[in-house]
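# Descriptive structure summary
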Amino acid sequence: MFKEVKGLIKNKVAIIELAASHDECLLSQFHALKKEECHITFVSVQEMYNRNAFLHPYIDEFKVIQFSGKAIKDFVLIRKLNKYFKLNGISTIIINTAQGAHIRNLCLTAPKSIKFIGIVHTLKKFQGSFTQKLIHFKIKKYLVLNDFFLNKISLPKTIHIASFYPIRFPHFELQLNKNVDEKWITIIGGVENRRKDLIGSIPLMQELVLKGYRFIFLGKSDFNHPDVVYFNQFINDAGIEKEVTLFNSFVSAEEFDAYLKSSDLIWPMVHPNTPCAVEYFKNQISGAMNVSFAYKIPMIIHQDYINQWEDFSNSISYNFSNFATSVIEGFERKEEIQQALNETMKFDPNFQEKKYIEFIFDR
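As a starting point, this report considers the structure included with it.

Definitions and limits used
- Residues numbered from 1 in each chain as written.
- Predicted model: local features only at pLDDT ≥ 70, side-chain atom pairs only at ≥ 80, totals over all residues.
- Heavy atoms only, no water.
- Salt bridge = Lys/Arg side-chain N within 4 Å of Asp/Glu carboxyl O.
- Helix = DSSP H or I, 4+ residues; strand = E, 2+ residues; numbered from the N terminus.
- Pairing = 2+ DSSP bridges.
- Contact = heavy atoms within 4.5 Å.
- Axes fitted to C-alpha atoms, helices over the stretch in contact; angles between N-to-C directions.
- 1 Å grid on protein atoms, 1.4 Å probe; cavity = no way out; pocket = protein on both sides within 12 Å on 5 of 7 lines; lining within 4 Å.
- Points joined across faces, edges and corners; volume = space filled by probe spheres on them.
- Nonpolar A, V, L, I, M, F, W, Y, C, P; charged D, E, K, R; others polar.

Turning our eyes to something else, we now look at the pattern of salt bridges. What the rule picks out here adds up to 18 salt bridges. Asp 60 is the partner of Lys 34 in a salt bridge, and the nearest nitrogen-oxygen pair spans 2.6 Å. A residue pair is termed long-range when its members are at least 10 positions apart, and Lys 34 in helix α1 (residues 26-35) and Asp 60 in the loop between α2 (46-51) and β3 (61-64) qualify at 26 residues. In this structure, Lys 124 and Glu 279 form a salt bridge, with 3.1 Å as the shortest nitrogen-oxygen distance. Remark: Glu 279 occurs in the loop between β11 (265-266) and α9 (287-295) and Lys 124 occurs in the loop between β5 (115-119) and α5 (130-136); sequence separation between them is 155 residues.

Laid out in structure tokens, this is it:
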């Protein structure tokens, strides 16, 4: 299944994504590693490779992985993958989603000579997960996706943690036609109750629709899913369905970029004491955050989170009683906020990628 790569190269690195998720974390890593003239092997499912065509120029070898769902067969596949790494002189493995049974098996059968580094997307993996403790036997260096989490992790001294903001996104020529009098508020991702306070946000959306604002859910929404059916009923009842845009298919990288270039504000749509708040801004970041930092688009953030997170200091604060007023006033300060985002060093992809390389290669 895996062929040998010929030739000697200074740094041969493999990036692994077995869960077919967290695409948004990849470009920053590929860009940083290729700038270091690394040979990059990407190991993932075919779907991941196909939907991220902009990564192809960075990839020296793509290794498709296809699990059968049968424990023994998949364990053997993982062992073969580790043998391939050793055979081909790959010295560093970076795991884009460092969790789960397959990653555990990869770590437990890994050669001692190869260094493993993992990206963890939720603090819960550091809070009593037995599988993660087994992964710790091999991974001694982890990256988390915001400075906020650094002081909230308690691990043995043998394990090192650093933060990394993957804020490089691909840009394309596609442009959208947007009416000059429209103001676009973009919600990253599709309609899903687990990730957003959908129903609680509808009265807030109603207030702004009257002021010329539109709402874009920038991600695939399954129109047959109960969350989406329920949400569509509510926005129809509220009379705002024409001002809310949903996509019923995968949003391509070109479309994603085009909509963001036309967006005025980004709204994570996370509120305290709701199901989405169980994880977001507590154990993991919202996907809206790095998009905001990358595109320098101001975020609208509930006031309860503003003081907790340093990175929200240049955001628009609101509560349920002053939402419309706060957003309208914040929109008037949009250029000022954008300038502050541009001047914040940690929101520069080059700064983050330099940190990444220093952490990966112990510099």
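Across the sheet, four strands lie side by side as β10-β9-β8-β11; this open sheet has parallel pairing. In this open sheet, the two strands that pair with only one neighbour each are β10 (244-247) and β11. In this sheet, strand β9 (residues 213-220) lies alongside strand β8 (residues 183-188) in parallel orientation, the contact comprising six bridges. In the strand pairing of β9, Ile 188 is matched with Leu 218. On top of the sheet, helix α11 (residues 323-332) reaches β8, β9 and β11; it is set at about 90° to β9, its chief contact.

Attention now goes to empty space enclosed by the protein. On inspection of all chains with the given rule, the structure shows one cavity of 30 Å³ or more. Looking at the largest cavity, its volume works out to about 50 Å³. Along the walls of the largest cavity sit Val 120, His 121, Thr 122, Leu 123, Val 144, Leu 145, Phe 149, Asn 283, Gln 284 and Ile 285, which together make up its complete lining. For the lining of the largest cavity, the class distribution of residues is six nonpolar, four polar and no charged.

It is worth spelling out the layout of surface pockets at this point. Estimated volume of the second largest pocket: approximately 170 Å³. Along its surface, the second largest pocket is lined by His 31, Ala 32, Lys 35, Glu 36, Asn 350, Glu 353, Lys 354, Ile 357, Glu 358 and Arg 363. Secondary-structure elements contributing two or more residues to the lining of the second largest pocket are α1 and α13 (349-360). When residues of the lining of the second largest pocket are assigned to their parent elements, the largest contribution, five residues, is made by α13. Split into classes, the residues belonging to the lining of the second largest pocket amount to two nonpolar, two polar and six charged.

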